[in-house]
Amino acid sequence: MPPASRTLIRVVSFLALLMIISAPAAGNAGTPFTLTVMRDESAPLAGVKCYLFNQGGKYLGVSGVTGDNGAVSFDLADGTYTFRVDHLGYRFWSDAYDVPATLSAQMIIPHREVAITVQGAGRSTAPLSGLKVFLFTEAGTYQGQSRVTDGNGQASFSVPGQPYKVRVDYLGKQFWSEVFVSQDTTVRIPMADAEVLVTGAGAPLPGVKVYVFTAGGTYLGISGITDSDGKVLFTLAAGEYKFRADYQGNRYWSEEETLSAGQVNPVAVSTGGGTFTLEVMKGQAEPLAGVKCYLFNQGGTYLGVSGVTGDNGAVSFNLADGAYTFRVDHLGYRFWSDAY
């Protein structure tokens, strides 16, 4: 091939390469186009992902995330485009825009502040504060947003006009709202009262601490102390629970109890036991009177209970079911019993 021809081919190839390099392509080079996504006329919607499509609805592999001002920019070749915004579990589409005739657009996704009220409904109705509320789509997809109810039992979410539902977690149970669209809603939790009676040897035991557990044995962080009648009252969501009373160094459990809503449910916890008499003797027939005896559990923990032997060398204790030891202090020394 003549040298002039080779030079011409090189020139033509170089020009073609320049044309390829300089041709604008969507998302690579071209005219800047800015899309601003708003909640309303004055509130930008930040941190949402926007996807670029051609007029035929084909995704072009280009996306961006709105900034604090709700804006995201794309470099676009001449043509017609639409945008899809994914937000809180739903897809929102823009109008079609011709580039370069239109170089910016505002897309408004109207939001409403929806108030969620959580109420306990039992023998009376009362707001439930301090509960966590989670936002889901109608299909049940969690949206990564949660709120805590205030003193009025309320929490709020700013959401677009799409179907949502919320879940409230309370005492190891989950409670769902109805599906709502841009409207306030109330979650009513059926409540029940548990009246726990703690007895020892058939008699009420005052001053005993009682703890509330799920049916599976998870402590719920709720406790109370029995009154002079050996009773303590808990208001809980209706369902299954267990109760534990700690007494004289031992733990005593109720049966698994099903609490019915709107009523007082009696629960019994028995520590069993009865009256235990310890006799302290100098010899086989000589009682040791006037000595102090202290009560311990089998692990060696003093239980805060003591007594003094009478003239017959005996002292009695009202004990729950369990294993115990006794310490007798006499003439400057300590003497231990066997475990009973």
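See the structure above.
The following paragraphs examine the structure supplied in this document. (Residues numbered from 1 in each chain as written. Predicted model: local features only at pLDDT ≥ 70, side-chain atom pairs only at ≥ 80, totals over all residues. Heavy atoms only, no water.)

1. As for the nonpolar core
Among the nonpolar cores identified, the biggest contains 79 residues, and I189 and F243 are the most heavily contacted of them. Considering every element that reaches this core, the biggest residue donor is strand β16 (residues 185–200), with seven residues. Among residues more than four places away in sequence, those in contact with I189 are V118, Q119, G120, A121, L128, L131, V168, Y170, F175 and A237. (Core = buried A, V, L, I, M, F, W, Y, C linked by side-chain atoms within 4.5 Å. Buried < 20%, exposed > 50% of the residue type's maximum accessible area, 1.4 Å probe, protein only. Helix = DSSP H or I, 4+ residues; strand = E, 2+ residues; numbered from the N terminus. Contact = heavy atoms within 4.5 Å.)

2. With respect to the pattern of salt bridges
Applying the stated criterion across every chain yields a total of eight salt bridges. Among the ionic pairs, E195 bridges to K231, the shortest N-O distance being 3.9 Å. Of this pair, E195 sits in strand β16 while K231 sits in strand β20 (residues 231–237), and the two are 36 residues apart along the sequence. Owing to a relative accessible area of 32%, K231 belongs among the partly exposed residues under this scheme. A salt bridge links D246 to R244, with the nearest nitrogen and oxygen atoms 2.8 Å apart. Among the residues examined, D246 registers a relative accessible area of 25% and is labelled partly exposed. Given the relative accessible area of 9%, R244 is considered buried. (Salt bridge = Lys/Arg side-chain N within 4 Å of Asp/Glu carboxyl O.)

3. Details of the packing of aromatic side chains
Taken as a whole, this structure holds 22 aromatic pairs when the rule is applied. The ring centre of W253 lies 5.3 Å from the NZ or CZ of K242, which sits over that ring. Over the face of the ring belonging to Y294 we find R327, whose NZ or CZ atom lies 4.6 Å from the ring centre. (Phe/Tyr/Trp six-rings, centres within 6.5 Å; stacked < 30°, edge-to-face > 60°. Lys NZ or Arg CZ within 6 Å of the ring centre and 35° of its normal.)

4. A look at the sheet that holds strand β8 (residues 104–108)
The strand order across the open sheet built from three strands is β4-β1-β8, with neighbouring strands paired in mixed fashion. Across the chains shown, the open sheet's two edge strands, defined by having one partner strand only, are β4 (71–76) and β8. Taken pair by pair, the neighbouring strands of this sheet meet at an average axis angle of 25°, ignoring direction. Judged from the five bridges that link them, strand β1 (residues 31–38) and β8 form a sheet pairing that is parallel. Bridge pairing in β8 places T36 opposite Q106. (Pairing = 2+ DSSP bridges. Axes fitted to C-alpha atoms, helices over the stretch in contact; angles between N-to-C directions.)

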